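A structural walkthrough
Chain by chain, the residues run as shown.
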Amino acid sequence: MLNLTLPECARYIHPPETKEDLEFADLPIIDLSKAHTLEGRAELHPQLRDAIRTHGFLYAINHGYTQAQAPPVLRDRIFDIAGVPFDDVSLEEKKIYTANIEKVGSYLGYKFRQFWKVDTENQIRDQIENYAINLNVTRRPHPIALRPFLPELDDFARHNHFNILHPILRLIALSLELPEETLVEKHNFDRTGETSVTFMKYYRRSNEEEEKSKNVWLKGHTDTGSITILWSQPIGGLQIMAPDGKWKWVRHINNGLVVNTGDMMSFLTGGYYKPTIHRVIQPPLDQRAYDRLGAYYFAMPDNDVRLLPCVESPVLKRVGIEHQFLDEDSPSCETWRRGRMKAYGRSDLKKGVEHGVEEEIIEGIVVKHYN
């Protein structure tokens, strides 16, 4: 049980929501509290299936944390802690904990600003700083200022893993008419993997950068892993590519989660659940005086899981399976992750056949970036 006297840090005051008239995506809402019962899961899995197949994104509510919740962890508290690695650590100390991205394809630690290419033509780079913590929060050392918060971060990682990720994976398995634990067994908490709690701070950019990059902060892409869980916050900027091919804003839901699928889920489901195309652009006009702080849980299967389709699924047998690789050539989760993360934002992309699309090849697969 965590001590109810928590270490102090600066309070993060959530900025007001935008009042701009924006075109928001109409995303379904899933009530995760219903996933605790067999009847509830039977009700939810068709909803989740339709949401992911149609939009690739969904909102999850009633996930177990409330804003007024007593310790050990407040929903707002995680945003307080999220600011610590950016605001309370010197640049000299940050460099000690730099992520070894280009050598081993791992984001654990710091990814500094201007590391990724945002606009290939104009050579504009990002203004996003990351700090990623493995789900095993003691796997790597951390900056001194963050160490008092490790018990809370461990609790947060476990909550995301067992109370959000695993219920979602069970619903996906049920939607494929597979045993409930099929995908859960590929996402263990105590096995070697790269699932992480990640904090991202999007710093405001110069007018020149905004003009040259057409206000794009992070170009359209798909996530590397299986499931991404974003803790909703008020600053706009996240957009998804809607079924009609248009970019639409993702609305903030107070104390809600934004959930999407990634590359690895597409591989495991034979293309039934596609990775979701999304991007980040400059916030709405009435929010441009604020930096954007994000808290994420990027989930991936265990390192040694082979990214093969669940061919035993009756659903996949009926609709057909997309084999991205020959079975004997299918990479492990670790191999795909390393290839994707080493290349992301660093490689020289080629113009694709589709307008506004750039491409690169990872493990023999064409990976697209949308600008």
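The sections below set out a description of the structure shown in this document. All of these numbers come straight from a predicted model, not from anything done at the bench.

**What about the overall build of the protein chain?**
The number of helices and strands found in the protein chain is 10 helices and 17 strands. Since a compact globule built from 371 residues should have a radius of gyration of about 21 Å, the 20 Å found for the protein chain is in line with a globular shape. Summarising its shape, the C-alpha atoms of the protein chain cover approximately 55 × 55 × 45 Å along the three principal directions. For the protein chain, with 371 residues in total, the buried portion stands at 58%. Of the contacts formed within the protein chain by residues at least 6 apart in sequence, a portion of 75% connects residues at least 24 apart. For the protein chain, the accessible area works out to roughly 16200 Å², and carbon and sulfur atoms hold 50% of it.

**Observations regarding the nonpolar core**
The biggest cluster of nonpolar side chains holds 97 residues, and the ones touching the most others in it are Leu153, Ile172, Phe199, Ile227, Trp231 and Trp336. Ranked by residues supplied to this core, first place goes to helix α6 (residues 150-175) with 11 residues.

**A few points about the pairing of strand β9 (residues 227-231)**
With five of its five residues buried, β9 lies for the most part within the structure. Side-chain alternation along β9 places Ile227, Ile229 and Trp231 on one buried face and Thr228 and Leu230 on a second face that is also buried. With five bridges joining them, β9 and strand β12 (residues 257-261) adopt antiparallel strand pairing. Each residue of the ladder has a partner; that of Ile229, found in β12, is Val259. The pairing of β9 with strand β14 (residues 292-299) spans five bridges and is classified as antiparallel. Counterpart to Trp231 in the pairing with β14 is Ala295.

**Description of the packing of aromatic side chains**
All told, the structure shown has 13 aromatic pairs when counted by the stated rule. Ring centres of Phe162 and Phe189 lie 5.3 Å apart, and the angle between their planes is 40°; this geometry places the pair in the tilted category. Within this pair, whereas Phe162 is found in helix α6, its partner Phe189 is found in the loop between α6 and β7 (196-202), the two being separated by 27 residues in sequence. With a relative accessible area of 37%, Phe162 lands in the partly exposed category. Connected via pairs of aromatic rings, a cluster forms that spans Tyr107, Trp116 and Tyr344.

**Thoughts on the layout of surface pockets**
When its volume is computed, the largest pocket comes out at roughly 410 Å³. Along its surface, the largest pocket is lined by 16 residues, and Asp119, Glu121, Gly356, Glu358 and Asn371 are the ones closest to its centre. Roughly 320 Å³ of volume is contained in the second largest pocket. Forming the boundary of the second largest pocket are 15 residues, of which Thr222, Asp263, Pro275, Ile365 and Val366 lie nearest the centre. For the lining of the second largest pocket, the elements supplying multiple residues, two or more each, are α8 (263-268) and β17 (365-370). Per-element tally for the lining of the second largest pocket: the top contributor is β17, with five residues. By residue class, the composition of the lining of the second largest pocket is eight nonpolar, three polar and four charged.

**Here's the deal with the packing of helix α1 (residues 38-54) against α6**
At their nearest, the axes of α1 and α6 sit 8 Å apart, and the two run at 85° to each other. Our classification of the angle between α1 and α6 gives roughly perpendicular. Between α1 and α6, the residues in contact are Arg41, Leu44, His45, Leu48, Arg49 and Ile52 and Ile168, Leu171, Ile172, Leu174 and Ser175, respectively. Here the residues of the contact of α1 with α6 sort into seven nonpolar, two polar and two charged.

**A closer look at helix α10 (residues 333-343)**
Listed in full, the buried residues belonging to α10 are Cys333, Trp336, Arg337, Arg340, Met341 and Ala343. For α10, the elements touching its buried residues are α5 (101-104), α8, β16 (357-362) and β17. Where α10 ends, the next residue or the one after it, Gly345, has phi of about 70°, a positive value.

**Describing empty space enclosed by the protein**
Per the stated rule, a full pass over the model turns up six cavities of 30 Å³ or more. Taken as a whole, the largest cavity encloses approximately 530 Å³ of empty space. What lines the largest cavity is a set of 32 residues, among which Trp116, Met200, His221, Asp223 and Phe298 lie closest to the centre. At the level of elements, β6 (128-134), β7, β8 (216-221), β9, β13 (278-281), β14 and α10 are the ones that each hand at least two residues to the lining of the largest cavity. Counted by class, the lining of the largest cavity contains 18 nonpolar, 10 polar and four charged residues. A volume near 100 Å³ is recorded for the second largest cavity. Forming the boundary of the second largest cavity are Trp116, Lys117, Val118, Leu218, Lys219, Tyr344, Gly345, Ser347, Leu349 and His369. Every element with two or more residues in the lining of the second largest cavity is listed here: β4 (117-119) and β8.

**With respect to the sheet that holds β9**
Taken together, the eight strands give an open sheet; going across it, the order is β1-β2-β12-β9-β14-β7-β6-β3, and neighbouring strands pair in mixed fashion. Strands with a single pairing partner mark the edges of an open sheet, and in this sheet they are β1 (29-31) and β3 (109-111). If you compare each strand with its neighbour and ignore which way they point, the axes differ by 25° on average. Pairing analysis gives four bridges linking strand β2 (residues 57-61) to β12, with the strands arranged antiparallel. Across the sheet, residue Phe57 finds its bridge partner in β12, namely Asn260.

How each quantity is defined
- Residues numbered from 1 in each chain as written.
- Predicted model: local features only at pLDDT ≥ 70, side-chain atom pairs only at ≥ 80, totals over all residues.
- Heavy atoms only, no water.
- Helix = DSSP H or I, 4+ residues; strand = E, 2+ residues; numbered from the N terminus.
- Rg over C-alpha atoms; globule rule 2.2 N^0.38 Å.
- Buried < 20%, exposed > 50% of the residue type's maximum accessible area, 1.4 Å probe, protein only.
- Contact = heavy atoms within 4.5 Å.
- Areas by Shrake-Rupley, 256 points an atom, 1.4 Å probe, with all protein chains shown as cover.
- Core = buried A, V, L, I, M, F, W, Y, C linked by side-chain atoms within 4.5 Å.
- Pairing = 2+ DSSP bridges.
- Phe/Tyr/Trp six-rings, centres within 6.5 Å; stacked < 30°, edge-to-face > 60°.
- 1 Å grid on protein atoms, 1.4 Å probe; cavity = no way out; pocket = protein on both sides within 12 Å on 5 of 7 lines; lining within 4 Å.
- Points joined across faces, edges and corners; volume = space filled by probe spheres on them.
- Nonpolar A, V, L, I, M, F, W, Y, C, P; charged D, E, K, R; others polar.
- Axes fitted to C-alpha atoms, helices over the stretch in contact; angles between N-to-C directions.
- Parallel < 35°, antiparallel > 145°, perpendicular 65-115°, else oblique.

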